[in-house]
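# Understanding the architecture of this molecule
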Amino acid sequence: GDYCEAEYTVSTEDGNVVDSSREAGAQACFILGSSHVVAGFHQAVGGLAVGESRKHRVSAEDAYGEPNEEMIAELPKSQAPPGLEKGMVVQLTNGMQAVVAAVDEESVTIDANHPLAGKALMFDVQL
């Protein structure tokens, strides 16, 4: 594949910016067709000439995939550290991070899916 340098802004469909090389004053550098970026990035950049830009909707499948139920776990509250609240990010014993999805009197539910799993994204790219 071709070597690419692209400026980009990635947002959710409701306009919430989740990543931007423009804000960081940087560029994404990758080989078109490689696995260093999500598949949707290749779709957004593919076929552009230097200096061209494109806005491209990327499906959840080609972004961070659909949520995986096996990455969600419910455990007894007695086995969880005290003070957990919904929305907190926790480090698991295997090094992964998870979000506390729910807390009730008896249990804590954690979700180790990527925060953007299940969401389509909008890519605004310039090669």
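Residues numbered from 1 in each chain as written. Predicted model: local features only at pLDDT ≥ 70, side-chain atom pairs only at ≥ 80, totals over all residues. Heavy atoms only, no water.

## Concerning the pairing of strand β7 (residues 97-103)
As defined by bridge partners, strand β6 (residues 89-91) adjoins β7 across three bridges and the pair is classed as antiparallel. In the sheet register, V90 faces β7, and the bridge partner there is A98. Sheet topology note: the β7/strand β8 (residues 107-111) ladder contains four bridges and is antiparallel. By the bridge assignment, A102 is partnered in β8 with T109. Between β7 and β8, which pair antiparallel in sequence order, lie three residues. (Pairing = 2+ DSSP bridges. Helix = DSSP H or I, 4+ residues; strand = E, 2+ residues; numbered from the N terminus.)

## A few points about the UniProt feature "domain: PPIase FKBP-type" (unreviewed entry) in the protein chain
UniProt marks residues 1-96 with the feature "domain: PPIase FKBP-type" (unreviewed entry), using the numbering shown here. As a span, residues 1-96 carries 11% helix and 33% strand, and end to end its C-alpha atoms are 32 Å apart. (UniProt positions renumbered as here; feature names shortened; annotations may be inferred.)

## Overview of the sheet that holds β7
Overall, antiparallel pairing links the four strands, which are arranged β5-β8-β7-β6 in an open sheet. In this open sheet, the two strands that pair with only one neighbour each are β5 (72-76) and β6. Across this sheet, the average inter-strand angle for adjacent strands is 40°, counted without regard to direction. (Axes fitted to C-alpha atoms, helices over the stretch in contact; angles between N-to-C directions.)

## Overview of the environment of V125
One can find V125 in strand β9 (residues 121-126). Given a relative accessible area of 0%, V125 falls into the buried group. Expressed as a C-alpha distance, the spacing of V125 and V10, which sit 115 residues apart in the sequence, is 8.5 Å. (Buried < 20%, exposed > 50% of the residue type's maximum accessible area, 1.4 Å probe, protein only.)

## Some thoughts on the domain arrangement of the protein chain
Reports of interface size often rely on the accessible area that becomes lost once the parts have come together. Considered domain by domain, the protein chain is made up of domain 1 (3-65 + 116-126) and domain 2 (69-111). Each of domain 1 and domain 2 has a C-alpha centre, and the two are 31 Å apart. (Domains from an automatic or database assignment.)

## Some thoughts on the packing of aromatic side chains
Describing an aromatic ring pair means giving the distance of the ring centres and the angle of the ring planes. Under the criterion given, the structure shown has three aromatic pairs. Where F30 meets F41, the ring centres are 5.1 Å apart and the plane angle is 70°; that geometry is what we call edge-to-face. Residue F30 is located in strand β3 (residues 28-31), and its partner F41 is located in helix α2 (residues 39-45); the two are separated by 11 residues in the primary sequence. Side by side, F30 and F41 carry an identical accessibility label, which is buried. Put simply, the rings of Y8, F30, F41 and F123 pair up and form one aromatic cluster. (Phe/Tyr/Trp six-rings, centres within 6.5 Å; stacked < 30°, edge-to-face > 60°.)

## What to know about a negative patch on the surface
There is a patch of like negative charges on the surface, built from E74, D104, E105 and E106. Assignment of secondary structure puts E105 in the loop between β7 and β8. Of the residues examined, E105 reaches a relative accessible area of 73% and is grouped as exposed. (Patch = residues over 30% accessible without salt bridge, like charges linked within 9 Å, V, L, I, M, F, W, Y side chains within 5 Å. Areas by Shrake-Rupley, 256 points an atom, 1.4 Å probe, with all protein chains shown as cover. Salt bridge = Lys/Arg side-chain N within 4 Å of Asp/Glu carboxyl O. Lys, Arg positive; Asp, Glu negative; His and termini not counted. Charge placed at Lys NZ, Arg CZ, Asp CG, Glu CD.)

## Observations regarding the nonpolar core
Core analysis: the biggest nonpolar cluster contains 18 residues, and Y8, F30, F41, V45, L121, F123 and V125 have the highest contact counts within it. Elements with a contribution of two residues or more to this core: β1 (3-12), β3, α2 and β9. When near neighbours in sequence (up to four residues on either side) are disregarded, F30 contacts D2, Y3, C4, V37, F41, H42 and V45. Grouped together as the second largest cluster of nonpolar side chains are eight residues, L84, A98, V108 and A112 included. (Core = buried A, V, L, I, M, F, W, Y, C linked by side-chain atoms within 4.5 Å. Contact = heavy atoms within 4.5 Å.)

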